Amino acid sequence: MAKALLGKYFTDAPTHQPWKILAEFTGSRLEECRYEQLLPFEANSPDKAGNGADPFRVIPGDFVTTEDGTGIVHTSPAFGADDYKVGRKYNIGILIMVDKQGKFMDGLGEFSNRYVKNYKDDPNYQDVNVDICVKLKKEGRAFK
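What you are looking at is a predicted structure, and each value in this text was computed from that prediction instead of being measured.

Procedures and definitions
- Residues numbered from 1 in each chain as written.
- Predicted model: local features only at pLDDT ≥ 70, side-chain atom pairs only at ≥ 80, totals over all residues.
- Heavy atoms only, no water.
- Helix = DSSP H or I, 4+ residues; strand = E, 2+ residues; numbered from the N terminus.
- Buried < 20%, exposed > 50% of the residue type's maximum accessible area, 1.4 Å probe, protein only.
- Lys, Arg positive; Asp, Glu negative; His and termini not counted.
- Salt bridge = Lys/Arg side-chain N within 4 Å of Asp/Glu carboxyl O.
- Polar contact = N/O pair within 3.5 Å; in protein donor to acceptor, adjacent residues only side chain to side chain.
- Contact = heavy atoms within 4.5 Å.
- Core = buried A, V, L, I, M, F, W, Y, C linked by side-chain atoms within 4.5 Å.

### Observations regarding the side chain of Lys103
Step number 1: As for its placement among the helices and strands, Lys103 is situated in the loop between helix 2 (81-89) and helix 3 (128-138).
Step number 2: It is Asp99 that comes nearest to the buried, bridge-free Lys103 among opposite-charge side chains, at 5.3 Å.
Step number 3: Side-chain polar atoms of Lys103 contact the side chain of Gln101, separated by 3.4 Å.
Step number 4: Sequence-distant contacts of Lys103, defined by excluding residues within four places in its chain, comprise Met97, Val98, Asn113, Arg114, Tyr115 and Val116.

### A short note on the nonpolar core
Step number 1: If you look at the biggest cluster of nonpolar residues, it comprises 10 residues: Leu39, Phe41, Ala43, Phe104, Leu108, Phe111, Val116, Val128, Ile132 and Leu136.
Step number 2: If we ignore the near neighbours within four places in the chain, the residues touching Ile132 are Leu39, Phe104 and Phe111.

### Considerations on the pattern of salt bridges
Step number 1: Tallied over the full model, the rule gives 9 salt bridges.
Step number 2: A salt bridge links Glu32 to Arg57, with the nearest nitrogen and oxygen atoms 2.8 Å apart. In this pair, Glu32 sits in the loop between helix 1 (6-9) and helix 2 while Arg57 sits in the loop between helix 1 and helix 2, placing the two residues 25 residues apart along the sequence.
Step number 3: A salt bridge links Asp54 to Arg57; the shortest N-O distance between them is 3.2 Å.

By themselves, these observations are geometric and do not establish any function.
Below you can see the structure in the form of structure tokens.
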């Protein structure tokens, strides 16, 4: 986390978890560090990224700031010009997980064939973002 953003997420109030800074270094020291994929499924496995791609590692991007968030971002080359540009430069590949109807593709576990958003104004739509957040929290993989 960027030091400039610590106050946004942590306080010394007794109701919050205790915390302390263990180390300080520049973001460039994280470059090329590998990380564990948060939602590993068959359809988004590293071998699906194509053409010898090397995903799930930290790469630099000049569009990452400390204006909001944590100072580090997830990059998805299939969803945005900046992501596409940096993804191509560092060959992290492209994982397509949403079909032309706006549904998650087969092979994505409990999220397969579910609409990403409520495109149809379905009164019975269950927000997949909520389910993803709950899953990550239950697995101890969510920051906030």
